[in-house]
Amino acid sequence: MRRLRIEHTTGFTYQGAVGASYNEARMLPSSTDTQFVLSSQLDIEPSTSVNYYVDYFGTRVAAFDVLAGHAALEITARSLVEVRRRPLEFSDLTWDRLAAASARSIATVEMLGTSPRTAAHPEVAEIARSIAAQYETPARAAHAIAVA
């Protein structure tokens, strides 16, 4: 087992002071059968109260409002996670079945599109395509891309 200390900061700077902001942050890990969250916290500046819930994807969400005037917002997530090794299990899902499933899947429709801010860099996308073309299944291709 390994322990990982994770710290991530996201910030916003506004052109001028804003009177209020309404936010959701998805920055905290969840415990699963292969990882155990020993500790996690969000630090928000300016300070405010936070309500937590789990969304329909199983992600921990921190919802908060900053109702005082502010010109910047900074959110820092700090977590300590214990990670357990697990054996690799490759699905036998084929490229054709994956395409058909993604075309009809409503549950994942939010994850199928990109925006200018989330589009892959053309060079990175080409590297991923060239690696994926070498594998008969999406699972093996995804693993090869991840370890490349």
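A brief structural summary.

Definitions and cut-offs
- Sequence order as written defines residue numbering, which begins from 1 separately in each chain.
- The model is predicted, so local features are restricted to residues of pLDDT at least 70 and side-chain atom pairs to those at 80 or more, both for listing and for counting; the totals for chains, interfaces and linings are taken over all residues.
- With hydrogens and water excluded, all non-hydrogen atoms of the structure serve as input to the side-chain values.
- Any pair of Phe, Tyr and Trp rings, taking the six-membered ring for Trp, is counted once the centres come within 6.5 Å. Such a pair is stacked with planes under 30 degrees apart, edge-to-face with planes over 60 apart, and tilted for the rest.
- Accessible area is worked out with a 1.4 Å probe on protein chains only. A residue is then buried under 20% of its type maximum, exposed over 50%, and partly exposed in between.
- In short, DSSP must find at least two bridges between two strands for them to pair.
- Strands are runs of DSSP state E lasting at least two residues, helices are runs of H or I lasting at least four, and both sets are numbered from the N terminus onward.
- For helices, the fitted axis covers only the stretch in contact; all axes are lines through C-alpha atoms, and the angles between them, taken along N-to-C directions, range from 0 to 180 degrees.
- The salt bridge criterion pairs a side-chain nitrogen of Lys or Arg with a carboxyl oxygen of Asp or Glu, the two atoms within 4 Å.
- An arc is given here, and it is the one of the directions from the helix axis to the C-beta atoms.
- Joining through side-chain atoms within 4.5 Å is the link that ties buried Ala, Val, Leu, Ile, Met, Phe, Trp, Tyr and Cys residues into a set, and such a set is a nonpolar core.
- Only heavy atoms matter for contacts: two residues are in contact if any of them lie within 4.5 Å across the pair.

A word on the packing of aromatic side chains. Applying the stated criterion across every chain, the model contains 1 aromatic pair. A centroid spacing of 4.5 Å and a plane angle of 45° characterise the contact between Tyr56 and Phe57, whose relative ring orientation is tilted. By relative accessible area, which is 37% here, Phe57 ends up partly exposed.

Quick look at the sheet that holds strand S1 (residues 2-18) now. The strand order S1-S6-S3 describes an open sheet built from 3 strands, whose pairing is antiparallel. At either margin of the open sheet sits one strand with a lone partner, and together these are S1 and strand S3 (35-45). Geometrically, the sheet is characterised by an average inter-axis angle of 10° between neighbouring strands, direction not taken into account. Pairing of S3 with strand S6 (residues 70-83) involves 10 bridges; the strand directions are antiparallel. Bridging from a neighbouring strand, Ser39 pairs with Leu80 of S6.

This part takes up the pattern of salt bridges. Evaluation of the coordinates by the stated rule reveals 7 salt bridges. Across the salt bridge formed by Arg3 and Glu82, the nearest N and O atoms sit 3.4 Å from each other. With Arg3 in strand S1 and Glu82 in strand S6, this residue pair connects regions lying 79 residues apart in the sequence. The class for Arg3 is exposed, based on a relative accessible area of 55%. Look at Glu82 and you get buried, because its relative accessible area is 14%. Salt bridges sharing partners connect three or more residues here, namely Arg3, Glu82 and Arg84.

Side chains that are three or four residues apart share a direction in an α-helix, a result of its 3.6 residues per turn. If you check which residues of helix H3 (residues 138-147) are buried, you get Pro138, Ala141 and Ala144. End-on, the buried residues of H3 take up no more than an arc of 125°, which puts them together on one face. With respect to the buried face of H3, the exposed residues turned more than 90 degrees away are Ala146 and Val147.

Strand order in the open sheet formed by 3 strands is S2-S5-S4, with antiparallel pairing between adjacent strands. Edge positions in the sheet fall to strand S2 (21-28) and strand S4 (51-54), since each has one partner strand and no second. Between one strand axis and the next, the sheet turns by 30° as a mean value, whatever way the strands run.

Counting residues in hydrophobic clusters, the biggest one holds 10 residues: Ala25, Leu28, Leu42, Ile44, Ala62, Phe64, Val66, Leu73, Ile75 and Ala77. Filtering out sequence-adjacent residues up to four positions away, Val66 remains in contact with Gly19, Ala20, Ser21, Asn23, Pro46, Thr48 and Leu73.

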